Each structure stands twice: as structure tokens, then as C-alpha cells.
Number of protein chains: 2
Amino acid sequence: MKKSTVPRILIATGLEESDVRYATGLTAPDPFALLIEGPRKHMVVSALEAARARRACPTAMLHTPATLFAKAPSRRPTLAAQVLALLHQLKAQAVTVGPWFPVGVARALEQGGIDVRLVTTPPFPKRAIKTPHEIACIAKSQRAAVAAMRAAIAAIRGAELSASGLLRADGRPLTSQRLKDIIEQTLLARRCTADGTIVAVGPQGARPHDAGSGPLRTNVPVVIDIFPRDKQTGYWGDLTRTVVRGRATPDVRRLFQTVLAAQKQALALVRPGVKSRDVQRAVEEYFTQSGYPTRLTPPGRESGFIHSLGHGVGLDIHESPGLRDEPTRLVAGNVLTVEPGLYLPGLGGIRIEDTVAVTLTGCKLLATCSKKLEYGPG
Amino acid sequence: MKKSTVPRILIATGLEESDVRYATGLTAPDPFALLIEGPRKHMVVSALEAARARRACPTAMLHTPATLFAKAPSRRPTLAAQVLALLHQLKAQAVTVGPWFPVGVARALEQGGIDVRLVTTPPFPKRAIKTPHEIACIAKSQRAAVAAMRAAIAAIRGAELSASGLLRADGRPLTSQRLKDIIEQTLLARRCTADGTIVAVGPQGARPHDAGSGPLRTNVPVVIDIFPRDKQTGYWGDLTRTVVRGRATPDVRRLFQTVLAAQKQALALVRPGVKSRDVQRAVEEYFTQSGYPTRLTPPGRESGFIHSLGHGVGLDIHESPGLRDEPTRLVAGNVLTVEPGLYLPGLGGIRIEDTVAVTLTGCKLLATCSKKLEYGPG
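Residues numbered from 1 in each chain as written. Chains lettered and ligands numbered in written order. Predicted model: local features only at pLDDT ≥ 70, side-chain atom pairs only at ≥ 80, totals over all residues. Heavy atoms only, no water.

1. Observations regarding the packing of helix α7 (residues 176-189) of chain A against helix α7 (residues 176-189) of chain B
- Closest axis-to-axis distance for the α7(A)/α7(B) pair is 11 Å, and the angle between their directions is 175°. By the angle class used here, α7(A) and α7(B) are roughly antiparallel. Seen from α7(A), the contacting residues are Glu184(A), Gln185(A) and Leu188(A); seen from α7(B), they are Glu184(B), Gln185(B) and Leu188(B).
- Classifying every residue of the contact of α7(A) with α7(B) gives two nonpolar, two polar and two charged. (Axes fitted to C-alpha atoms, helices over the stretch in contact; angles between N-to-C directions. Helix = DSSP H or I, 4+ residues; strand = E, 2+ residues; numbered from the N terminus. Parallel < 35°, antiparallel > 145°, perpendicular 65-115°, else oblique. Contact = heavy atoms within 4.5 Å. Nonpolar A, V, L, I, M, F, W, Y, C, P; charged D, E, K, R; others polar.)

Right, dumping it as C-alpha cells:
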């Protein structure tokens, strides 16, 4: 007896966009749909995207409003109406969808008599296991991040100093924004985009997602977090360093050494078979033992190690598998960040982040970049 | 009797991201939720984002896993669990959600006893009516697009020619990719990002969403479509020109004059009170009368005027109101593109696009840019 196949539908918007790109190679400015029925792929796209879709994914069956409504043309059918028409053509009575599928399309399909079943398994589990080609793409973005980091650190090291300890270059204050400009120009020269680059100065660094602003000054830590995306391939890289122009205080130096040691420990643990949770916990315990317990309240005063240790990197900047409190076991081909950080409100933050690929025996950095704390005279 | 209020929930991911940014000023790398209950706003964010959320939207009530699960801490509650906990705190029994709300969260709320009602009205209809500040933000992005267009056209006009009619600069072929580099460097110097810039050469231009590739050559049309987004404000601009290095063929020149005349007609029609549909139809009729009927099949061979005349521009590159087959009447403060185009498979395409703001009496261009077809010797 033939195994009955329930088609799975994905809508390329927001969080499902990278899944659809992974499966078809196509991205588009407006939502479009991918339907997978056993070995067959169907794409529902606008007439405008038909030629691009055919080139991106020659093996998919292509559907447009003109083909779906050939007999009874509807001038502007919704995407839901198009998907429903396709399901009727395929005589499908049920579909599966993921958690981020749009509820408006789900309800429209239900009204059209389709049983819409929510599943939480990822549609393409292999996305977490990168091919050598994918690892090469991520490594390329990571090398661009290293080049941008070096350009940023060179600007910090080469800056002149004002009497009050502000960094200056070309007769103007060297600001967080100017450093981001240097970083993003370096990335663009390598055909990578970056949005949200972090250059957080002193106390700003205590908020891990604060992008930073204002002038750079001597003797305080600057957190520089660079995450470029290759414009052509769509694969990301992710790199963070924390540096001080001049001399760090003993407190900051100890914080830095603790984070550096934690990253070293974590990198030694990352290998096939290890549980994500165990790497996260090892770092948590090390920080606690070092006298930096984690506090998650009150808002704005979180302190210690307040985020997970790492996240997968691929077509999304945050994807599976992460290094955090979950039982997933790592396998060769996973690509993820290892980014311990310690944050002390008022003082600042230290974060050191590299992107690694899990190998058969451990893990390897996709690009290397110095981990020195102090640069130039203060 | 007090009017009962059904809270509306938005999840900041994909298509709802700009609505949430509009209402709160916050963007974040991971999904977060906005709940609106009458005049009150509630935000559900991770501890990591709490400080940023508070600064972005001081009037919102802020909720994090720590505040929502203070009594019974759950180590990694899902966003749906957090939203459900908030709804229970608020004693809400029903919510409204938009079509792009994730079905996974909707189902989890339903299982928690919440009546999830789908509504198709936009949560913030005022997003379509830009304030003077918003118009200034879009105009800034549009001026960046003009600067980039001028840099691109200068490179085309100044290029040397090979014996076979290929454009060259600095001893190398001038390619679509090199022109995109020039465009995007110009945009980045104005702190705008651009992804998907189109430089489509000859026949590539017949596919409106083909980003283009390969060397530029004389005497064929090049479609240049530049849509920058200001990194700080998030507002877009959108500008297209079609140019020929050397001399256009009589066919291409006639195509260009027809598109230019169509845009002029459309710009004269755009004013408060006019129906979107009437502007779209006027252009369709003009093209048909000029001998360019629209054909939408077969895929890859669409011909004529094959897209809508324009789209709203704001925090999204495609938003309401569009210029297309819909009964919406324009009002002062709408910002939209006017971009007629004609596409002939094998030959190429002509598109001319400006971004305008609807004024009290008509519309005004947000930036001006020459509409010449031919540049330099061929």
C-alpha cells in the first residue's frame, strides 16, 4: 500500500525565509510558498518571480496565478487562495506547517477544507549539518569579519588622544559610529553586508545588545561584535572581541582573563557527541566559581553571564544548534559560535566570540583573530 | 458600561516586524511580542533586550521571563508561554491577531483557553499617512539613492569601450557587479544599506526582479534600481532609471518615451481622493493604446506592463498604499513609488521610478534625478 503523504507548506517570510532559501535557492521581496510532497517540490510564486524561480530551482514544479486560475482567472488572488488551488489540484486533504507559518494562511486553508497540522520538527534537519561548501561560505564571511575587526583595532590603536582621554582621528573624535563605518566599509569591499554592528563603549558594553554610541575613550573596554552576511551566498559569520585603548583596570583585566579562560574551556569541549547543555553548564559553573554569579533581574541590572554560550550560524545568524540549556548532541558539520561574556552594570562587558565548525574529533575556528586586550598608549 | 477591550498581539518577526518597530521603536534579532490593550502597550522581551526596550518605548509595560514567571520560574519559557502568562495576568479571554501572526503561537494561546480572532485590518492604519518627520527620513534615503544613481551613471558615461562594445574601467570590464559595488559604497557613505540592487543589462532587464550580472555593453538598455534603507531610522527610498551607453535602437527609444510619458501622466493623477485603481488603469490603457499589451504567460515570457504601478514606502520597502487594482483612495501623507515599466523578452526592459509624497493638492518628488536615456559615445 502506498504510504500517504501529507504535504508540508512553507511560506517564505520572516523565520521561514531561510528554510525556503535552503531548499530552493530563491529569495524574493514578497512572500511566496514552497510545498513539499514526498520527493516533489512545488513553488507558488508571482509571475514576476517565475523566471528567477525556475533558474534557482529547476527541479520544482512552478505555479503562478496564471497557471492556478487558468480556467477562472482571478485578478489578484491571495497567496492563500493560490496555495489552496494547488492543494485542490493535488487532491491533498491535509498539510503540515511549522510554528512560524502565518495564521491567516492556515485559517484560509482550513476554511477551504484542509486539515492544517502543526509540527515543530524543522523541515530540513540537515540545515544544522553543513556541507563543506556551506562551511567554506561561512568561513568566507568570517574572514571578512576578521578583516573588519583588524581595521577597527588599527583605528583604535592609531588614534590620537585628547587631554581628557578621548580618542581622535583626522582631527575629530573617534566615535562608535565612525568605527562602525570603518567596519562596514571593510565588509562591503568583501561584498558582505552588516546591520547592527556593535561598538559598545564602557558601561554600554554591559548590555549585550546595545549597539553603542558616542566617543571612544582610553582605559575602558570596547566590545566590538561584527556579524557580516555574504550578499551572494546569504551565509553569515560572527566575531566579537573586547579591547582597551591604553591600560585596563585590574577589575577589567580579571574579567577579561576569566572570559578568555571560559572560551578556551568551551572550545575544548565542543566535539561530536557532547550535549549542548553540558558545554553551557561548564561555562556557567566556571563563572560562578570565579565569583561572577548570574543575576537576571531587575531589567537593566542583569549581571554576570546573562546569555547562552553560542548559537548556530548559517543562512540565519541565529539557528540550530545552539550552545545552551538543551539536550541536543553536537555532530560533525555543526557550525556555531562560542561566545562567553561577563557583564557588570556600570562597569561594562567583556565578550569573546569565535565561529567554529564541529569536526570529527573536536572543532576548528573558521578564521583566527588576535585576542589581545590592550592596545597602544593610554 | 465599559467597552470591553480585546487585546491585539503582534509578534515582531517577518512581516509584522515593521508594525512593531513603528509602534515601539524597537527592533531585535529574535522574536518578541507587543500587546495592545486599549491605550496600554505591553512588550514581552528577553532579559537581554529589556534595557533597550525600555529606552525605545518608555510608555510600554515591560515583561520578561523573570517578571512573568517570578513565582514558578521556567528556565526557558517559549515566547508563546510568556504571552499566555501575560494574558492570564491581564485576565484577557480573547485576542486579535493579524494574518502574518505565527500559527504556532496562535495554537498555543488557544490551548491556553484564549479565543484567537483573526482580523485583516492593519494594526496601525496611520502608518500609511506619514508625518513630516517620516517624510524627511524617506527623502534622506531617496537622496542617497540619487547620489548612488549619479555615481553609477558617471561610471557608465566615463567608461572606455572595447572593440566589441564592452564597457571597461581601470583596465577591466565594467560589470553589473562592479556598478553595484559603486552604488552600495556610495550608499554606505550615507549610512544606508542596500541589498538586492538591480543592474540588469539588455535582455536581463525584461525580468523586473532579475538583479543582473555580467559585463555592460554599448547600445543596450541598463535598468538600475536602487532601494536604500537608512541604517538608523529604518526608512527606505526607491529609485529606478534606465540608461543606454551610446545610442539606443529606435525600438528601445520608443519604449523609453512611452514609459516616460506614462510616468508623467501618472504623476499628474496622484493626489488626495484619487483611487489607486484609477491611476493603475490609466497607465495600463495608455500602454495598450501605445501597442504594448500585457501578457502574463507563459512564465519567463511575460511581456508589456507586468507589475503594479507603485507601492507604498516607509519602514517596509513594500507597504500600503500601493498603486494597483484596489479601491483605496490616496490621502495627503501617503508616500509611494510611481514606476511604470515595459518589458519585452529578448530585448530588455525600461522602468522609470520615483518616490513621491502625496500633498494637499497633488504630489511631490522626494528627490529629483535626471531622466535622460543616452549617455556618452557608443
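What follows picks up the thread again.
2. Considerations on the sheet that holds strand β8 (residues 167-169) of chain A
Residue and element names in this part refer to chain A.
- The strand order across the open sheet built from three strands is β7-β8-β9, with neighbouring strands paired in antiparallel fashion. Because the sheet does not close on itself, it has two edges, and the strands there are β7 (160-161) and β9 (172-173).
- Taken together, the two bridges between β8 and β9 define a ladder with antiparallel strand orientation. Residue pairing for β9: Arg-168 is matched across the bridge by Pro-173. (Pairing = 2+ DSSP bridges.)

3. Section: the interface of chain A and chain B
- With 58 residues of chain A at the interface, the matching set in chain B holds 58 residues.
- Interface of chain A and chain B: buried area, both sides summed, is about 5,000 Å²; carbon and sulfur atoms make up 58% of it.
- Area buried by chain A at its contact with chain B is led by Leu48(A), Arg107(A) and His209(A), which between them contribute 13% of it.
- Across the chain A-chain B interface, the total number found is 10 salt bridges. (Buried area = accessible area lost by both parts, 1.4 Å probe. Salt bridge = Lys/Arg side-chain N within 4 Å of Asp/Glu carboxyl O.)

4. A closer look at the sheet that holds strand β22 (residues 374-375) of chain A
Residue and element names in this part refer to chain A.
- If you trace the four strands from one edge of the open sheet to the other, you get β11-β12-β14-β22, paired in mixed fashion. If you trace the sheet from one side to the other, it starts and ends with β11 (198-201) and β22, each paired once.
- Sheet topology places β11 next to strand β12 (residues 221-226); four bridges connect them, and they run antiparallel. Opposite Ile-198, over in β12, you have Asp-225 as the bridge partner.

5. So, the packing of aromatic side chains
- Overall, the coordinates contain six aromatic pairs over all chains when judged by the stated rule.
- Put simply, the rings of Tyr286(A), Phe287(A) and Phe305(A) pair up and form one aromatic cluster.
- Lys372(B) extends its terminal NZ or CZ atom over the ring of Tyr375(B), reaching a point 4.6 Å from the ring centre. (Phe/Tyr/Trp six-rings, centres within 6.5 Å; stacked < 30°, edge-to-face > 60°. Lys NZ or Arg CZ within 6 Å of the ring centre and 35° of its normal.)

6. Section: helix α9 (residues 276-289) of chain A
Residues and elements named next belong to chain A.
- In this model, α9 (14 residues) spans 20 Å end to end at C-alpha, consistent with the 20 Å of a helix rising 1.5 Å per residue.
- Turning to α9, its buried residues number three or more, namely Ser-276, Val-279, Gln-280, Val-283 and Phe-287. Looking down the long axis of α9, one finds its buried residues gathered within 100° of arc, a one-sided arrangement.
- Those residues of α9 that are buried are in contact with α8 (250-269), β16 (319-323) and β18 (341-344). (Expected span 1.5 Å × (residues − 1). Buried < 20%, exposed > 50% of the residue type's maximum accessible area, 1.4 Å probe, protein only. Arc of directions from axis to C-beta.)

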